[in-house]
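What the coordinates show
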Amino acid sequence: MLPESAQAFSPAGISSFFQICDRAPDGTPLTDPEQIGARGGGFALTKGVLTEVSAAKSEKKRFKVFINRKPAPEAETTKTVVNVLLENVQENYNVTVKHRVEVPIGAGFGSSAAGALGTALALSKALNISLTYNQLGRIAHVAEVKCRTGLGTVGGLMLGGCVLVVEPGAPRYGVIDRIPISQDYQIVAGVFAPRLTKNFLESKEKEAVINEMGQKTMKKILSNPSLENLLRSCREFAEKTGLATERVRKLIDAAEEAGAVGATQNMLGEAVHALVKAEKMENVLRVFKRQLPQERILTTKIDLQGARLLG
């Protein structure tokens, strides 16, 4: 039999601020991964992860994951999604997942969430499993939480745009809002060095400061939900939590002076993203090129549609 195949695209996502939400109001640790998450905000990008899945019946359950044509046995979040979906079918399948990732990996662009979401959409189609969009989103969210590659990125990538995750958790628990944004805005992003989320999520020292600042930042943004206030508040978050390094601060300053609507740090990478109107694009790009090599700079539009199956 020929393998069944399907394709999906998920935008990548830049998180501009966050608050870790892994405890109940009384301080006891949450145990349900659907309820664990983060409050925060950021942008879905037209550059993201294209996922192609093929599944053929076989004697044993087997699967392989490739990222940009190379075997990726380390792609735990994708593998977790595959395992969950294979439990929904009677037969055994040999599954191949191919991710084409258009953004830097491990630098705060949400590539693992995008890969997980794309895999959930494409593999459910290839295996003819009937699940709703939110049910697939829950599978991807839980995989991220369990694999410690992120906390709240999936929900925003399902919706697209300029996203505010007002309440944490997978679809059903999470509450997501948006700041309206038009198509004439673009993002310029630059990466000094990756900072893997997994390592950070295991460090408890900064958590109290981040959570206090994250809560204040959300209040500040919701009191005046404009793009300018979002970026200004997120910059303050990066600085007051001590996450922004010297070179991150310098690039943020330079981007704002060059005419960006605002700029802040990627959470969690040593990276900067600036929101720019088309007419200021060349100016802002120039200052990024002064501080970073071309291959570490990314320009992209805002994805307003969210993750989807492709024909």
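That block above? That's the structure.
It should be emphasised that the depicted structure is a prediction, and the values quoted were computed from it without experimental measurement.

It is worth spelling out the nonpolar core at this point. As a rule of thumb, nonpolar side chains are buried together in soluble globular proteins. Phe 43, Val 95, Phe 109, Leu 275, Val 284 and Phe 288 are the most contacted members of the largest nonpolar core, which has 98 residues in total. The element contributing the most residues to this core is helix H2 (residues 111-126), with nine residues. Setting aside its immediate chain neighbours within four residues, Val 95 contacts Val 53, Ser 54, Ala 55, Arg 62, Phe 63, Lys 64, Val 82, Leu 86 and Leu 123.

Attention now goes to the sheet that holds strand E8 (residues 185-193). Here we have four strands laid out as an open sheet, ordered E9-E10-E8-E11, and antiparallel in their pairing. Looking at strand neighbours, the two that pair on one side only are strand E9 (262-265) and strand E11 (297-301), the edges of this open sheet. Geometrically, the sheet is characterised by an average inter-axis angle of 20 degrees between neighbouring strands, direction not taken into account. Where E8 lies against E11, five bridges are found, and the strand directions are antiparallel.

Topologically, Asp 303 is positioned in the loop between E11 and strand E12 (308-310). Residue Asp 303 is classed as buried on the basis of its relative accessible area, which comes to 3%. Within the structure, the side chain of Asp 303 is placed 2.8 Å from the side chain of Arg 308, a separation counted as a polar contact. Not counting residues within four places of it along the chain, the set of residues in contact with Asp 303 comprises Phe 9, Pro 11, Ala 44, Leu 45, Thr 46, Gly 160, Gly 161 and Arg 308.

This next bit is on the pattern of salt bridges. Enumeration according to the criterion identifies 15 salt bridges in this entry. Residues Lys 79 and Glu 76 are paired through a salt bridge, measuring 3.5 Å at the closest nitrogen-oxygen approach. Taken together, the residues Lys 79 and Glu 76, both in helix H1 (residues 76-86) and three residues apart, mark about one turn of the helix. Taking the relative accessible area as the measure of exposure, Glu 76 reaches 40% and is therefore partly exposed. In this structure, a network of salt bridges that share partners links the residues Arg 235, Glu 239, Asp 253 and Glu 256.

This part is about the pairing of strand E10 (residues 270-277). Most of E10 is tucked away, with seven of its eight residues classed as buried. As judged from the four bridges shared by E9 and E10, these two strands associate in the antiparallel manner. Of the residues in E10, the one forming a bridge with Gly 262 is Leu 275. Connecting E9 to the next strand, E10, in antiparallel fashion are four residues.

How each quantity is defined
Residues numbered from 1 in each chain as written. Predicted model: local features only at pLDDT ≥ 70, side-chain atom pairs only at ≥ 80, totals over all residues. Heavy atoms only, no water. Core = buried A, V, L, I, M, F, W, Y, C linked by side-chain atoms within 4.5 Å. Buried < 20%, exposed > 50% of the residue type's maximum accessible area, 1.4 Å probe, protein only. Helix = DSSP H or I, 4+ residues; strand = E, 2+ residues; numbered from the N terminus. Contact = heavy atoms within 4.5 Å. Pairing = 2+ DSSP bridges. Axes fitted to C-alpha atoms, helices over the stretch in contact; angles between N-to-C directions. Polar contact = N/O pair within 3.5 Å; in protein donor to acceptor, adjacent residues only side chain to side chain. Salt bridge = Lys/Arg side-chain N within 4 Å of Asp/Glu carboxyl O.

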